[in-house]
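# A closer look at the structure
Take a look at the letters that make up each chain.
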Amino acid sequence: MNNLRHNVKLFQSLLPKECALMPAVKANAYGHGAEEIGKELQKLGIRDYCVASAEEGARLRRSGIHGQILILGYTHPKDFELLSAYRLTQTVVDCDYGKELEAYGKKLFVHAGLDTGMHRLGIPCEDYSGIRSLWDCKHLQITGVYTHLCTSDGESEEEKSYMKLQEMRFQKVLNRLYKDGKRGFSPHIQGSYGVLYRNNLTASYAFARVGIGLYGVLSECSEILRQKYDLKPVLSLKARIECVRRLEPGEGAGYGLSWRTDSVRMLAAVSIGYADGFPRSLSNKGHALVRGRKVPVVGRICMDQLLLDVTEVENVSPGDEAVFIGTSGKLTLRAEELAQEAGTISNEILSRLGERLVRVPV
Ligand SMILES: *Cc1c(COP(=O)(O)O)cnc(C)c1O
């Protein structure tokens, strides 16, 4: 929780005063526990949040979050009642969807989503009359207009210039809306990388929808960014060693006996598996820290267990901690490293951490 507070302050210091953090707490706050994280953020004075779905929004509201909760994705009309019952703010994902929201016939808070080049959600930014027509919907209270950058984490010139192009298109729409007398809405465009690479942007905005960075993690290992910004990882991932046993040379272990000993080896079984979100692709590949030493994952990862070769570590016994993300002694394993070994980004690793894992706020 100290690290979360540190990261909140860090991001706030990077943003102009008028730009508020709107933390992305979707996917159970990137696996950290939306309720625990939401409560802490609210204590820190955060008023605005974004989630992926109405169900996530309703759950967050029930957990005691009072401020604005923006749903970034699509809500089926049968769930529109969740929007009004829990006072959730819905993204208008395209023009027809705006009409469906209006047809619901009750006052709804919305942010207009604009597609400035990612081509995922949003009204195409070229369709100005479509965008403008939202203001004719008398049940829709348009409190925000936003877009999403798709190359803001890139360091190449091509990616940087596409980020600028998206902002330019966004600005063009905003200026036309202002000219047409449309006011009272908050524009926003940045996620974590949009803040970390904010020098590639020209204007300032009302909100920054920061996700991965608030959890103290980058999507991928980037020495440049890590040296520039002192992000502190919020989460450690630990499991206990259940059993330790001695294997003779030439024995195999785990499903398919995919790992074999060539000498006497000490093997530890640990109570975490792919059902907890530890990727099975790290079979015979991943690492953990035990008693301050780095040890390899051996054999195939099971649903509820995995095996570590702890031969090089002295006095390993049942009940000891195995650290998969976090610190043990002088060593640290970062989510970015785990993700790299698994061939993915840390966002995926964190957001898939299973329900069975106990979240312990410290
Ligand atoms: C997930 C998401 C974010 C947060 O992105 P990070 O890179 O994790 O900061 C922001 N905006 C939208 C639309 C998103 O879907």
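Residues numbered from 1 in each chain as written. Predicted model: local features only at pLDDT ≥ 70, side-chain atom pairs only at ≥ 80, totals over all residues. Heavy atoms only, no water.

### Quick look at the site of the ligand
In the vicinity of the ligand, the contacting residues are Ala24, Lys26, Tyr30, Leu72, Arg120, His148, Gly191, Ser192, Arg209, Val210, Gly211 and Ile212. In the model, an oxygen atom of the ligand is placed 2.5 Å from a nitrogen or oxygen of the Ser192 side chain. Coverage of the ligand by the protein amounts to 88% of the 380 Å² it exposes when considered alone. Looking at side-chain class alone, the shell around the ligand contains five nonpolar, four polar and three charged residues. (Near = heavy atom within 4 Å. Polar contact = N/O pair within 3.5 Å; in protein donor to acceptor, adjacent residues only side chain to side chain. Areas by Shrake-Rupley, 256 points an atom, 1.4 Å probe, with all protein chains shown as cover. Nonpolar A, V, L, I, M, F, W, Y, C, P; charged D, E, K, R; others polar.)

### So, helix H6 (residues 95–103)
For H6, the set of buried residues is Cys95, Tyr97, Gly98, Leu101 and Glu102. Along the axis of H6, the buried residues cluster in a sector spanning 155°; they form a single face. Exposed residues pointing more than 90 degrees away from the buried face of H6 are listed as Asp96, Lys99 and Ala103. On its buried side, H6 packs onto helix H5 (80–85), strand S4 (89–92), strand S5 (108–115), strand S6 (123–124), helix H7 (128–133) and strand S7 (140–147). Looking at where H6 begins, the residue whose side-chain oxygen comes 3.3 Å from the main-chain nitrogen of Asp96 is Asp94. Gly105 sits one or two positions beyond H6 and adopts a positive phi of about 85°. (Buried < 20%, exposed > 50% of the residue type's maximum accessible area, 1.4 Å probe, protein only. Helix = DSSP H or I, 4+ residues; strand = E, 2+ residues; numbered from the N terminus. Arc of directions from axis to C-beta. Contact = heavy atoms within 4.5 Å.)

### Some points on the packing of aromatic side chains
Tallied over the entire structure, the rule returns nine aromatic pairs. We note Arg176 situated over the ring of Tyr128; from NZ or CZ to the ring centre the distance is 4.1 Å. (Phe/Tyr/Trp six-rings, centres within 6.5 Å; stacked < 30°, edge-to-face > 60°. Lys NZ or Arg CZ within 6 Å of the ring centre and 35° of its normal.)

### Here we look at unusual backbone geometry
The backbone of Tyr30 shows a phi angle near 50°, a positive value even though the residue is not glycine. Following the sequence through the fold, Tyr30 ends up in helix H2 (residues 26–30). Positive phi outside glycine occurs at His119, with the angle close to 60°. Note that His119 resides in the loop between S5 and S6.

### Here's the deal with the pattern of salt bridges
Across all of its chains, the model carries 19 salt bridges by this definition. Salt-bridge contacts for Arg62 lead to Glu55; the nearest nitrogen and oxygen are separated by 3.9 Å. What makes Glu55 partly exposed here is its relative accessible area of 39%. When the shortest N-O distance is used, the salt bridge between Arg356 and Asp276 registers 2.9 Å. Highlighted residues: Arg356 in the segment after helix H12 (346–351) and Asp276 in the loop between strand S13 (265–270) and strand S14 (287–290), separated in sequence by 80 residues. (Salt bridge = Lys/Arg side-chain N within 4 Å of Asp/Glu carboxyl O.)

### Comments concerning the domain arrangement of the chain
As far as domains go, the chain holds domain 1 (2–223) and domain 2 (237–351). Computed from C-alpha coordinates alone, the two centres of domain 1 and domain 2 are separated by 38 Å. Tallying the contact residues gives eleven residues for domain 1 and ten residues for domain 2. On the domain 1 side of the interface with domain 2, the three residues burying the most area are Tyr30, Ser219 and Cys221, jointly 47% of the side's total. Viewed at the interface, domain 2 and domain 1 are joined by zero salt bridges. Put simply, domain 1 and domain 2 have four residue pairs in polar contact (both at pLDDT 80 or more) between them. For the side of domain 1 that touches domain 2, the class distribution of residues is six nonpolar, four polar and one charged. (Domains from an automatic or database assignment. Buried area = accessible area lost by both parts, 1.4 Å probe.)

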